[in-house]
Amino acid sequence: MQTRFTEDQLANPLISEAEAILRKCVHCGFCTATCPTFVLTGDERDSPRGRIWMIRDMLEADDQPPSQEVGYHLDRCLTCLSCMTTCPSGVDYMHLVDLGRHHIEENGKRDLIDRGLRRLLGYLLPRANLFHKALILARLARPFAGLVSGRLRAMLELAPKSLSKLDPVGKVDAIYPAQDKKTYRVALMAGCAQRAIDPDINAATISLLTRLGVEVVVKEKAYCCGALSHHINDEAGAKDAMRASVAAWADELEGEGIDAVIVNTSGCGTTIKDYVNLLKDDAAYASKAKAISALAKDITEFLHDDQLCQPLADQNMIVTYHAACSLQHGQKVLDAPKALLTAAGFSVVTAKESHLCCGSAGIYNVLQPDLASDLQKRKVAHINATKGDVVVAGNLGCINQLADVDAPICHTIQLLDWAYGGTKPKQLDAR
Ligand code: SF4
Ligand code: SF4
């Protein structure tokens, strides 16, 4: 793509980074067909190519405030990164859209309600304890969701129908020793929103890892990866969380040592693997962030790469595997979850349009409830058509978004833990 930045503009590192990305785009439009928002609306401005074009125009005219139009269409982007999987030219849309959003945040205006809602969510979600309390209130208000509309309704409808106690994993520093001979030592990202919504995911992860000879370390200070704040452009909140996590894991790395940082929420995994870029200008944290990014692995990636799970007999159960965007597009972890499930004796199927987002995308389903709901309905119909006995995904956001599928739905690690001698996921008993 041709750009017309001035020398002065290119002296700004953010503009020069954007320019390098923009120049790779050849307008071929291959990405449009796999972009969920373009598939729904058919509007070029809701496509990756259109957004790239608008970001270029906005940055070239950086002496003027960003238009409402560009802000509107960038907000509607799910950051699902499906376009990056499709793009034959290797356009780094993930970092370009970050730069575009950063520019809008610095130079544009959001209406008061939008700003307030983003601040509220940015404060609540990374704080598991507080978020858990908010969910208790939201559950009480859930029956009245039909009386309100828009984002408030979306928030109430997303409150889980049943709520467990707050996950104790991550509350304090803890070491979960390997059973039998220790083969690996890993740090586990306990997570924030996930701890408030579903404690069974960390429990299953620790249960399986320790049975397989892996010692698991959890650090209280790694309270959130920063992804949710980053997605709503709360850069200060995001960087605080990132630095805290990097410092906690780097201490462990330099101390007793760790072989990996294990992540069981793929949205967090994409961000942690990108710490190397996100903290590259932070002199105190850059090299530690690089080391942590290199160690980050999705739980299925770790189990698969290190061949920790032995093949099991046929389980006589069809599993519909839902590939979270952050896992398939963000981290390019494609085969590991399916290979593990197959080795564990499950028959694995995938739904039509498995490359398209379910509409969860962090808190997109709250901020853009209409588009998210259309994507949700489409995804639920495709998953139901597979007639699986159980549906699994590697990201809590997707699991919540798809709660209304016909079959029970749980995290991939819960099914694997059960297959290898752990607790049966309660979702399977509930129906
Ligand atoms: S990240 Fe997803 S929604 Fe955004 S432009 Fe790319 S494909 Fe479309
Ligand atoms: S596929 Fe890649 S090169 Fe083609 S329009 Fe999309 S981003 Fe640009």
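Cut-offs applied
Residues numbered from 1 in each chain as written. Chains lettered and ligands numbered in written order. Predicted model: local features only at pLDDT ≥ 70, side-chain atom pairs only at ≥ 80, totals over all residues. Heavy atoms only, no water. Near = heavy atom within 4 Å. Helix = DSSP H or I, 4+ residues; strand = E, 2+ residues; numbered from the N terminus. Nonpolar A, V, L, I, M, F, W, Y, C, P; charged D, E, K, R; others polar. Core = buried A, V, L, I, M, F, W, Y, C linked by side-chain atoms within 4.5 Å. Buried < 20%, exposed > 50% of the residue type's maximum accessible area, 1.4 Å probe, protein only. Domains from an automatic or database assignment. Phe/Tyr/Trp six-rings, centres within 6.5 Å; stacked < 30°, edge-to-face > 60°.

So, on to the site of ligand 1. Surveying the vicinity of ligand 1 reveals 13 residues, the closest of which are Cys 35, Arg 51, Cys 77, Cys 80 and Cys 83. Mapped by element, the contributors of at least two residues to the shell around ligand 1 are helix 3 (36-41), helix 4 (48-60) and helix 6 (82-86). Each residue belonging to the shell around ligand 1 can be placed in one class, and the counts come to nine nonpolar, three polar and one charged.

This next bit is on the nonpolar core. Counting 70 residues, the largest nonpolar core has Leu 209, Leu 303, Leu 415 and Leu 416 as the members making the most contacts within it. When residues in this core are grouped by element, the largest group, five residues, is from helix 12 (residues 199-211). Looking at which domains feed residues into this core, each of domain 2 (174-304) and domain 3 (309-430) supplies at least three. Core analysis: the next-biggest nonpolar cluster, separate from the first, contains 26 residues, Ala 18, Cys 31, Cys 87 and Ile 104 among them.

For Arg 139, the location among the structural elements is in helix 9 (residues 128-141). Under the relative-accessibility criterion, Arg 139 is labelled partly exposed at 35%.

Once that is clear, we can look at the site of ligand 2. Taken together, 13 residues form the shell around ligand 2, and within it Cys 25, Cys 28, Gly 29, Cys 31 and Cys 87 come nearest. A class-by-class count of the residues in the shell around ligand 2 yields nine nonpolar, three polar and one charged.

Let us now look at the packing of aromatic side chains. This structure, assessed with the given rule, holds one aromatic pair. Taking the centre distance of 5.4 Å and the plane angle of 75° together, the rings of Tyr 184 and Phe 302 count as edge-to-face. Residue Tyr 184 is found in strand 2 (residues 184-188), and its partner Phe 302 is found in helix 18 (residues 299-305); the two are separated by 118 residues along the sequence. For Tyr 184, a relative accessible area of 22% gives the class partly exposed. On the accessibility criterion, Phe 302 (2% relative accessible area) is buried.

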